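Chain by chain, the residues:
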Amino acid sequence: MKALNILSAALLAATLTTPAAAHVVLDETNAPAGSYFKATFRVPHGCDGSATTAISIRIPEGVISVKPQPKHGWTVITEKAAYKKSYTLHGREVNEGVVKVTWEGGPLADDMFDEFAFMTKLPNDADIMMLFFPVEQVCEKGSVNWDEIATPDMDPHSLARPAPMLHLIHENGGGHHHH
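Below, the structure is looked at part by part. Counting of residues starts from 1 at the beginning of each chain's written sequence and follows it residue by residue. Local features in this predicted model are restricted to residues of pLDDT 70 or higher, and side-chain atom pairs are both shown and tallied only at a pLDDT of 80 or more, whereas totals for entire chains, interfaces and linings draw on every residue. Where side-chain values are given, they derive from all heavy atoms of the structure, hydrogens and water being excluded.

To continue, consider the pattern of salt bridges. Any two side chains of opposite charge can pair if their charged atoms end up close together. One speaks of a salt bridge when a side-chain nitrogen belonging to Lys or Arg is within 4 Å of a carboxyl oxygen belonging to Asp or Glu. This structure, assessed with the given rule, holds three salt bridges. Linking D27 and R42 is a salt bridge whose minimum nitrogen-to-oxygen distance equals 2.5 Å. Note that D27 is positioned in the loop between strand 1 (25–26) and strand 2 (30–32) and R42 in strand 3 (residues 36–43), a separation of 15 residues in sequence. Note on classification: 1.4 Å probe, protein chains only; a residue is buried when its accessible area is under 20% of the maximum for its type, exposed when over 50%, partly exposed between these limits. For D27, a relative accessible area of 37% gives the class partly exposed. Linking D114 and K71 is a salt bridge whose minimum nitrogen-to-oxygen distance equals 3.0 Å. Taken together, the residues span a long stretch of sequence, with D114 in strand 8 (residues 114–121) and K71 in the loop between strand 5 (64–68) and strand 6 (74–89) at a distance of 43 residues. The class of D114 is partly exposed, set by a relative accessible area of 23%. Of the residues examined, K71 reaches a relative accessible area of 18% and is grouped as buried. Each helix corresponds to a stretch of at least 4 residues labelled H or I by DSSP, and each strand to a stretch of at least 2 residues labelled E; elements are numbered beginning at the N terminus.

Tracing the backbone through its elements, the reader meets K121 in strand 8. For the purpose of charge, His is not counted, nor are the chain termini; Lys and Arg are scored as positive and Asp and Glu as negative. Here K121 is buried and forms no salt bridge, its nearest opposite-charge partner D125 lying at an N-O distance of 12 Å. Any N or O atom pair separated by 3.5 Å or less is treated as a polar contact, with the protein-specific requirement of one donor-capable and one acceptor-capable atom, and with residues adjacent in sequence counted only for side-chain atom pairs. Within polar-contact distance, the side chain of K121 engages the backbone oxygen of G34 at 3.0 Å. Here a residue-residue contact requires only that any non-hydrogen atoms of the pair lie within 4.5 Å. Setting aside chain neighbours within four positions, we find K121 in contact with G34, S35, Y36, G62, V63, I64, S65 and L89.

Stacked, tilted and edge-to-face are the three classes assigned to paired rings of Phe, Tyr and Trp, where Trp is represented by its six-membered ring and a pair needs centres within 6.5 Å; plane angles under 30 degrees give stacked, over 60 edge-to-face, the rest tilted. The full count for this structure, using the stated rule, is six aromatic pairs. Ring plane angle 70° and centroid distance 5.6 Å describe the contact between F41 and F133, whose orientation is recorded as edge-to-face. With a gap of 92 residues between them, F41 in strand 3 and F133 in the loop between strand 9 (130–132) and strand 10 (135–139) connect regions that are remote in the sequence. You'll find F41 and F133 in the same group, each marked buried. Cluster of aromatic residues (ring-pair linked, three or more members): F41, F118 and F133. The criterion is that NZ of a Lys, or CZ of an Arg, lies within 6 Å of the ring centre and within 35 degrees of the ring normal, and then a charge sits over that ring. A cation over a ring is seen here: K71 above F116, with NZ or CZ 5.1 Å from the ring centre. Of note, K121 hangs over the ring of Y36, and the distance from its end group to the ring centre comes to 5.7 Å.

These figures capture arrangement, not role.
The following block contains the structure:
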């Protein structure tokens, strides 16, 4: 039992000291391909002590039907553009949509955290295993771009400013699974 308590304490300490806790991250990092998904981005702090005044999230190709969640004290701005290809949504072709969502306002103090979310339809393409959502965090002083993308041969934990990442789970056994 004592060994278990030591292990639990070590795991808790590792969880609390992980550098990933300082990054802007997705609350849920796995989702079924082709599903409707609430993408919730957790912003854990400001920029070097300065309060956050805007969060902009770039939407990767294949992620369609984006509907931002309003936040009290924040203005939501969506940027629409043409997709690289057409997608079928509710039986009709769509070839343009939201490619960027920005929340402006707050401010969100450096010693507080908050979450910014949107509903979306995820791609159901067997070739897409992971999606990256580059985020720009603008503060009263300065900004941080959470936009680094790990290549397959890299340790994603080695990145200083990783883009939030979502693993797609494919029903047919393809895709990227963690057990």
